[in-house]
Each structure stands twice: as C-alpha cells, then as structure tokens.
Amino acid sequence: MAAANCPDNVLALMNVAAVNPVDFPDGVTISINDFYVFTTKQSNDVAPGSVGLNGTQRLWAGLSLSEPIQVRKYDIMAATGKQTYIGTCNLQISFRTKNSVTDKPFDQDELSKALISKFENQIFTPSQLFLFDFKSIIFEVRVESLQVVDLVDIENNGPVSTSIETKGLLLPQSIVNFFKGRDGLVNLKSSSIRPRSDAVIRPDFKFEELGVGGLDKEFANIFRRAFASRVFPPAFIEKLGITHVKGLLLYGPPGTGKTLIARKIGKMLNAREPKIVNGPEILSKYVGSSEENIRNLFKDAEAEFKAKGEDSSLHIIIFDELDSVFKQRGSRGDGTGVGDNVVNQLLAKMDGVDQLNNILVIGMTNRRDLIDVALLRPGRFEVQVEIHLPDEAGRYQIFEIHTKKMRENKALASDVDLHELAALTKNFSGAEIEGLVKSASSFAIDGVINIGKGKTNINQKTIANMKVTRKNFLDALAEVTPAFGVSEGDLKMCLKEGLVNYSPKVHDILTIGHRYVRQTKEKTSLISLLMHGPSGSGKTALAAKIALDSGFPFVRLLSPDNMAAMSESAKIAYIDNLFRDAYKSPLNIVVIDDLEKIIEWVPIGPRFSNAILQVVTTYLKRHPPDDRRLLIITTTSSYSVLQQLDLLSCFNNDIAVPNLSTLDEFNNVMVEKQFLDDKGRAEVLHKLGSITPRLDVGIKNAMINIDSATFGENPVDELVELMAK
C-alpha cells in the first residue's frame, strides 16, 4: 500500500488510520512496516491501496506522502504475549501550534478522563505521537513510557518500558499521567494523586544509564533526600508541611566522581538545563560585581517563582570547587571583605527572607572543612553526601564502563579478567581507573607501532587484530598508582635489609601487632600503639612489616625524613593532610616513625615544638568518622621523653623492642646473613664470648657490622672487634 494524507480534520484528531472500505473494515488493528500500530477507520475519500495518516502520525512513523508501505493485520495477543493492557501511561503534552498557547491551567484528571474516552481500546506504544483535541485546543502528545499488565494476573505487572516494541491497549482502568513537554508551556494543575506535571526526574529514568560506576548507594541517598519530594504530588507535600531540599553538597577525595555526578544529573532531569559554575568564576575585581554574579544565578528562578509559585520548574545551580570561593568568613585575611560578602549573598539567596522553593544548589568540594559553617546547616547545603573511593564491586562497575567499547568491538583480550583488575586496584578512584585503562591501551598501541629511524611505521595488518591484554593492564598498574593508597616505597625502604627473626621476642611482637590489625579490621575504630626501644633495635622495620602484612587499602608512613626542610606550619599542614587522607578509606594504618624527632625534641635549646606536639596528640586520640577504622603505630627511641610530655596516655598499648642480648640471637643473625660457614660462626661466638658473655647491640648495628666484616682480610676477627666496641 501507500502512505496518504488524512482526508479530513475529524479523522485527523481520532488517531486512526483512514482506509478505503474495500481494503479493511472499521476497527481493525493494523501494523505499518511491522512497527507502527493503528486502528482503522473507513473513509471513501481515501483511495484504495492507500492509508490516510495525519502529519503527526507520519512524522512518528517516518513516512512521506505516496511512500510504499507494508500493511498487515496486527494481533496484539500473538505479538506481545499475555501482558497486553496499559496499567500506567506517561505522556508528554505540548501545544500543537504557538497560536493556541494559553496560561489557562488544565486539570490533569479532566485531561485523563477525556483522553481515555476518546482513544479507549486503541493500541499505544512508547515514542508514539498523536493529536488530542481538548475543549477546542489541539495538543500534540508523545507517549513517554508504558507499563503493561495482564488483567488475569494483575499482581505481576510489567516494568515501565520506553521500548517501541512495547504495546498496550488503553482501558478505562488505565492510569494516564501528563507531564509538560520540552517547551514547558502547558500549565497543568497540581494533583493530589498524580506525580508532578514537570517532575524533575523523567518517569523512564534508570540510574544505570548515567554510566557512573560504584556509586549506587550514593545515588540512592541523593534521590531520597533531594529529589523524591519533588516527584511526589505537590498537594501531598503541602499536607506534610515540608519544603524541598535546596542544597546538596558532594564531597570526597579527588577523582571519585563528584563533578561527573553533577554533569550526569542533567541527564536524569526533566527540567531546565542546569547552570554550571566553577567557583573562581564568581569573583570579580570590581566592587559589588562578585555579589551581583551570585544574584544573577538566581534571577530566573525568582522570576518564575513569583509568576507560578509552587508550580514553578526546578532551577539547578551547580558550583564546582565550592571551597575556593565560600571559605569561612574572616579566614582570608585579604582586607577586602569580598569573600565574606559572596558567602553572605549566597546565604541570603538560599535561605533568606524571600525564600525560593524552586531551586537546588549542588556544590562539590574536596575540602568540606574549609567551607563556611553557615552554609552547611539545614536550609542551605543540608544534604551532604560523601563520595567514597569505590570498593571492589564499585571498581568492577567502573572497569565495565571504561572497557565497554573495547568489549563491544572485540578489542579486549580474553585473558583480561575485570574482577582480577578490580581486586588489584585498591584505593583507586574512578578517574585513576580511567587513567589505568588509557595506560593499558597505550601499551597495546605501542606494540603495534614500529619506531624506526626518523619515522614511525604502523603495521596495517596488525591494527585490525590489536587487543588490549592482561599484560598491558599489569604494565599499566606499574605506571598508574593511586593517590590514596599504600606508600609501599617508603615502607619497603624500612625493610630493605630484610626482617631477621632472630629471637622468639620478634615473633611475639609481630603476633601482637597482627592481633591489633585484626581487632581494627573487625571491631575497634581507633587503636594507637607505641613501639619503644633503643635506637637501631628494629622498631621501624617491625612496624613496617605489620603495616604491609595488614592488607589494608591505606597505609602511610609519617617520618621526619619527609618533613626535613619544612617550616613548623608546613609540617602541621602535612600531618593534618595525611590524617585527613587516612579518614577517606575504610581501613587505614599510619606509621609514625621517630615521634620525638617529628615534634622537634632536642636535649638542649628550644626543647620541642608545642604546636606540632598538640596536633600529633589530637590525632592520636581522634576517632575516625563512622564506618572508618584506623590503626596508628608509633615508634620512639626516647620513652622517657614521651613520659615527660604526658604522651603515653594517648596509646592503648606500648610494646618494648629490645636489642640483641645473647650470643644465640647473634648467631641467628649471622645465619640469616649467610656469614661464613658453621665453623667460622662458631669461632666468632667463641672469641666474642670470651670478651663479653652478654650483648646489648641493636639489630641494625649488628647487620652493618656483619656486612663490614665481610670485606675485611680476617672476617672473624673483624666482626669480633666491631661487636666488642
């Protein structure tokens, strides 16, 4: 058959396919090109072999006049199975022409009743466009989504679907929800039983469509606090006597997806385009301009709220790097007061005298502690969601997102196991995982490119077969490291000479340390241990061994070597940042090495830095946030100094680490270091025993002495002499 124009306006408003009586009887369901379903209506004005459709119907079906089409009878039961009736239908409604636009409010219940009466028993499908005449005003309606049900088994309703393959019969029992079209010009009255006509979240929205992995709980929390009340019927919200949330703060480590969430929120909204502002863009060198910039962001929302009240659309303002502008008032010290005025202006706009209920301000920051406290109270940024580093399941989701194209195009080798990669990337942020995938891809590309003298040759034959392999990802893991993670380099340096288990005492110390690791992991939020003993007795090596064996995702070493050239204020900031980082992971270990040196204690002159001492004391006692656990292992060679400074009360337990005290212990060290043979070691012990029956030497010095004696002309005598000093 052929597509033709609808013969008259009456049929054009009935959403039917006009057919000649010789082709089809009245009321028959037909499909056009196996996708587009209509009910027939006979008309002698339609030529035989033609199907009359109005312009809107042809637009939906993508048909031109006189275009050949395939038409056949359609049986919905045979095509769709048992679920064939519309339970809920979500429609977008717009004025057909600009000339018919009016501010007159339309009652949703009346619209629904009229639409069902006019189109009852017709089949509808998502994306369908049709015309609807209501009180002499013609609307264009788009089917956004359907939920189909089976009247026999009504308990097992189908999911809400936006697929064009979903089809259902419109019944008097069907629930029809109207939403404003993209132009937002139709003024729909609020209903106490129906969702908002301009619901902020599209009815067909799915979180997985955002492509943000590992943040399911965070999204659920954001939806519940910031958006759920805006989806509910406004009349019902009025009964509760509550106002909508106006501020949402996303905070957490860099690269965890805060800015990505803000960008993606626009996709989940059936509302105006969000205004996205980088914090520093607000500031201006001209007097009053910074405050005016803030006012301008709210100007559109104020105008619409004055005109429409609670029926106003939601206006979203997104601030990136919030801490760069809205710092604590009085903290800048620049004398201009501009920063304070900007904070005051935002406070007034979010929760001032003229309150707006149609705004949502979303802020993002890495440093919530820098933001003015007045902005964080209810009424301003009252919903504060921490965007954590992803766990293993979250990292797997992120790997799936970033390797999706590779998998679809068969460019990912079969030996790549995303579960394995998720397990290997502890404390990686989403951005770092993306960087890891890019790095692995670069290794794969490098294998295809042949770099010659003066030119780069690409082997065309291997490009089509190129795959990113497991080895590429393992190479990338050596190149891309997480900002928040195990500082293995520093800790392994503490163990570069190895850990010599020269005595049962060493085993006992490790056992105690591992016990506290298990306690931290399973129960206690904060444990502080003190390992004390003579200089060179192996305290740092034992602490590093306990930390590395823990398997905790965050392990850091706080050493005086890392702060050697810093001023007092810089050291305080360094310590503060390290512990703040330690609070961002679920399981954390901080090793504080040589505490007395960190607080700058010396036996003469200015004895110590009281400011650094107070910071360290605070963090030794401060419990991490809920659901975080922290084990602090501190070492010192000056136990009595800590006693004088009243620091011992900060520790849950102290562990003494002694020097080598017996010849048997020293023999175990020589065996571990493979010094000479049994005869040579026996000679060392005999000669050393004749000089001193007991030793008091640190394991560090003992190992250095053994290495030095190895290079002597007479290793036995050299070692005896060194140990006897």
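Reading the values: the criteria
- Residues numbered from 1 in each chain as written.
- Predicted model: local features only at pLDDT ≥ 70, side-chain atom pairs only at ≥ 80, totals over all residues.
- Heavy atoms only, no water.
- UniProt positions renumbered as here; feature names shortened; annotations may be inferred.
- Helix = DSSP H or I, 4+ residues; strand = E, 2+ residues; numbered from the N terminus.
- Contact = heavy atoms within 4.5 Å.
- Buried < 20%, exposed > 50% of the residue type's maximum accessible area, 1.4 Å probe, protein only.
- Axes fitted to C-alpha atoms, helices over the stretch in contact; angles between N-to-C directions.
- Parallel < 35°, antiparallel > 145°, perpendicular 65-115°, else oblique.
- Left-handed = near helix turned anticlockwise from the far one by under 90°.
- Nonpolar A, V, L, I, M, F, W, Y, C, P; charged D, E, K, R; others polar.
- Core = buried A, V, L, I, M, F, W, Y, C linked by side-chain atoms within 4.5 Å.
- Domains from an automatic or database assignment.
- Patch = residues over 30% accessible without salt bridge, like charges linked within 9 Å, V, L, I, M, F, W, Y side chains within 5 Å.
- Areas by Shrake-Rupley, 256 points an atom, 1.4 Å probe, with all protein chains shown as cover.
- Salt bridge = Lys/Arg side-chain N within 4 Å of Asp/Glu carboxyl O.
- Pairing = 2+ DSSP bridges.

Going by what an unreviewed UniProt entry lists, the protein chain is known as Vesicular-fusion protein SEC18 and is assigned to Cyberlindnera jadinii. Listed in UniProt under the heading Function (unreviewed entry), the comment for the protein chain reads: "Required for vesicle-mediated transport. Catalyzes the fusion of transport vesicles within the Golgi cisternae. Is also required for transport from the endoplasmic reticulum to the Golgi stack. Seems to function as a fusion protein required for the delivery of cargo proteins to all compartments of the Golgi stack independent of vesicle origin." Annotation of the protein chain in UniProt includes, under Subcellular location (unreviewed entry), the sentence "Cytoplasm".

Some words on the overall build of the protein chain
Counting its regular elements, the protein chain contains 26 helices and 25 strands. By sequence separation, contacts in the protein chain at least 24 residues apart represent 76% of the contacts at least 6 residues apart.

Remarks on the environment of Q674
By the secondary structure assignment, Q674 is in the loop between α23 (663-672) and α24 (678-691). Its relative accessible area of 68% is what places Q674 among the exposed residues.

Some points on the packing of α23 against α24
Between α23 and α24, the shortest axis-to-axis distance is 11 Å and the interhelical angle comes to 150°. Classified by the angle between their axes, α23 and α24 sit roughly antiparallel to one another. By crossing handedness, the relation of α23 to α24 is classed as right-handed. Contacts between α23 and α24 involve L663, F666, N667, M670 and V671 from the former and R681, V684, L685, L688 and G689 from the latter. Looking at the contact of α23 with α24 residue by residue, the classes come out as 7 nonpolar, 2 polar and 1 charged.

Brief notes about the nonpolar core
If you look at the biggest cluster of nonpolar residues, it comprises 48 residues, and the most contacted ones within it are I589, F666 and L719. Here this core takes 6 residues from helix α18 (residues 539-549), the largest share from any one element. Structurally, this core is a two-domain feature, drawing no fewer than three residues from each of domain 5 (488-656) and domain 6 (663-724). Setting aside residues up to four positions removed in sequence, F666 forms contacts with L660, V684, L685, L688, L695, A702, I706, L719 and M723. Core analysis: the second largest hydrophobic core is formed by 31 residues, I598, L620, L645 and F651 among them.

Quick word on a nonpolar patch on the surface
Judged by side-chain polarity, F232, F236, L240 and I242 come together as a nonpolar surface patch covering roughly 360 Å² of accessible area. Within the secondary structure, L240 is located in helix α6 (residues 234-240). Assessed through its relative accessible area of 49%, L240 is described here as partly exposed.

Some thoughts on the pairing of strand β7 (residues 85-95)
Burial analysis of β7 places 10 of its 11 residues in the buried class, the great majority of the element. Relative to strand β10 (residues 137-149), β7 is paired through 10 bridges, and the arrangement is antiparallel. Residue S94 lies in a different strand from β10, and its bridge partner there is E140. Both β7 and strand β13 (residues 175-180) contribute to a ladder of 6 bridges, which runs parallel. Bridge pairing in β13 places T88 opposite I175.

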